[in-house]
Amino acid sequence: MDGNTSTHKIIIGAAQNMQQIENNSIELVVTSPPYPMIEMWDNIMSEQNPEIKTALKNSNGLLAFELMHKELDKIWTEVERVLIPGGFACINIGDATRTINGDFQLYPNHSRIISAFQKLGISNLPNIIWRKQTNAPNKFMGSGMLPSGAYVTLEHEWILIFRKGGKRQFKTDGEKLHRKESSFFWEERNVWFSDLWDLKGTKQKINNSETRKRSAAFPFELAYRLINMYSLQGDTVLDPFLGTGTTTVASIATKRNSIGYEIDPMFSDIIKDNIKNTPVSFLNSYIQNRIENHKQFLVERNADPKKKEIKHYNENLKMQVMTSQETEIKLSFIEKLEIVDNKITCFYNSVNPDKIDLPKKKKNKAI
Ligand SMILES: C[S@@+](CC[C@H](N)C(=O)[O-])C[C@H]1O[C@@H](n2cnc3c(N)ncnc32)[C@H](O)[C@@H]1O
């Protein structure tokens, strides 16, 4: 990346071996694997290890669960290899409930994945619960109103947060400045770093096609937030289970490079169509909304006589900001995308505050 471009690679192949990626070269992993013991993924997991099919056929649910995770473990080993020291991995996963041979039980995917990462020496940090309320008519399972035979409804998924080693180091002045340029706004921090995400009501559908729904794609907003929270502009984001390519699209929007693996060759065109069908205007509206939301935040905050005066100012955006950490934030709009084979190049323009309607620096204020 030369400052105003980013590149994105799509690799069709199994992520158990990510030989195209060098050791210690990835700053962030954002992904969602097939969910063990959720039936829609039985076939794809059994193709990777036929013993899984046999275990399911023999109604041995716990063995099937373990074998499916053993397959995922190979990918987590690769994740550990390619992450830089201080790099993050954010894994979206749901637990499964399933009745096998009359035995209904929970298969706790999230805790099995946490154990796998801990065994690799990677630390688990506070995780995020993604609340997904359902209004399905069959949402309550079991014995209805009769006690001791009903089950609570799973209405959440997990976003597990891991870090390889200690804090990432930013040593030189250049590295420190670049980190500040990639900062987010104070009021964004207050929402994004909550441990409970309810993404309803956020602008999240990039392309609400049937394929997207069937592929269990996660919302654009989920990937967009995680990338902003745990990486810098110009970093490389890896998704070993790319599906429809949501992580690629969010990496484009956040000015990061990306690499994605997908085992099913059918997805190659789906991913590229997804990128082509997500208009640049949609991606830029995310940046525009962040600026507009910050503008609105300032209007409300400045109108409240009980609040302290805002003391900091960002010259790049010509806007007040709450803290000194936000004074160097730089945002970019996407100018154009080029797709050649399985490689995408994206070109950017820095946000020009003189060309957008933003509140100007207030006169006579100590900033
Ligand atoms: C839950 S979906 C990911 C959805 C994705 N986050 C999105 O937004 O579209 C999991 C994907 O992993 C793929 N997959 C399964 N096993 C894989 C493997 N070993 N290597 C690479 N991809 C794999 C599946 O084909 C599926 O597309």
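If you're wondering where the values come from, they're calculated on a predicted model, not measured in any experiment. (Residues numbered from 1 in each chain as written. Predicted model: local features only at pLDDT ≥ 70, side-chain atom pairs only at ≥ 80, totals over all residues.)

(A) Quick look at the site of the ligand. Around the ligand, the surrounding shell holds 22 residues, and the nearest of these are Ala217, Phe241, Gly243, Thr244 and Thr246. Only α1 (42-48) and β12 (257-262) provide two or more residues apiece to the shell around the ligand. Taken together, the residues of the shell around the ligand sort by class into 13 nonpolar, seven polar and two charged. (Near = placed C-beta within 6 Å. Helix = DSSP H or I, 4+ residues; strand = E, 2+ residues; numbered from the N terminus. Nonpolar A, V, L, I, M, F, W, Y, C, P; charged D, E, K, R; others polar.)

(B) Quick look at the sheet that holds strand β6 (residues 123-131). In space, the 10 strands of this open sheet follow the order β10-β6-β9-β3-β2-β11-β12-β1-β16-β15, with mixed pairing throughout. Because the sheet does not close on itself, it has two edges, and the strands there are β10 (196-197) and β15 (332-340). Here helix α3 (residues 61-82) sits on the sheet in contact with β2 (26-31), β3 (83-93) and β11 (236-239), set at roughly 150° to β3. Lying over the sheet, helix α4 (residues 109-119) contacts β3, β6 and β9 (156-163), oriented at roughly 5° with respect to β9. (Pairing = 2+ DSSP bridges. Contact = placed C-beta atoms within 7 Å. Axes fitted to C-alpha atoms, helices over the stretch in contact; angles between N-to-C directions.)

(C) Fine view of unusual backbone geometry. Residue Met37 is not a glycine yet carries a positive backbone phi of 75°. When you line up the elements, Met37 lands in the loop between β2 and α1. Not every positive phi belongs to a glycine, and Ser59 is a case in point at roughly 55°. Inspection of the secondary structure puts Ser59 in the loop between α2 (50-57) and α3. Overall, the presence of 12 C-beta atoms within 10 Å leaves Ser59 in the exposed class. (Buried ≥ 20, exposed ≤ 12 C-beta atoms within 10 Å, placed from the backbone.)

(D) Highlighting the packing of α2 against α3. Running from N to C, α2 and α3 cross one another at 165°; their axes reach a closest spacing of 8 Å. With respect to α3, the element α2 is oriented roughly antiparallel. At the point where α2 passes α3, the crossing takes the left-handed sense. Here Glu51, Ile52, Ala55 and Leu56 of α2 lie close against α3, whose contacting residues are Leu63, Ala64, Leu67 and Met68. Per-class residue counts for the contact of α2 with α3 are seven nonpolar, no polar and one charged. (Parallel < 35°, antiparallel > 145°, perpendicular 65-115°, else oblique. Left-handed = near helix turned anticlockwise from the far one by under 90°.)

(E) Up close: the domain arrangement of the protein. With domains assigned, the protein is organised as domain 1 (5-281) and domain 2 (283-355). Centre-to-centre separation of domain 1 and domain 2, based on C-alpha positions: 27 Å. The interface is formed by 24 residues belonging to domain 1 together with 26 residues belonging to domain 2. Elements that contribute at least two residues to the side of domain 1 that touches domain 2 include exactly β1 (5-12), α5 (173-181), α6 (186-192), α9 (246-253), α10 (267-277) and α11 (280-303). Sort the elements by how many residues they give to the side of domain 1 that touches domain 2 and β1 lands first, with six residues. (Domains from an automatic or database assignment.)

(F) Structural detail: the nonpolar core. Ranked by internal contacts, the top residues of the largest apolar core, which has 67 residues, are Val29, Cys90 and Ala223. The biggest single contributor to this core is α3, with nine residues. Each of domain 1 (5-281) and domain 2 (283-355) contributes no fewer than three residues to this core. Of all hydrophobic cores here, the second largest spans eight residues; its members include Leu298, Leu317, Leu331 and Val351. (Core = buried A, V, L, I, M, F, W, Y, C linked by C-beta atoms within 7 Å.)

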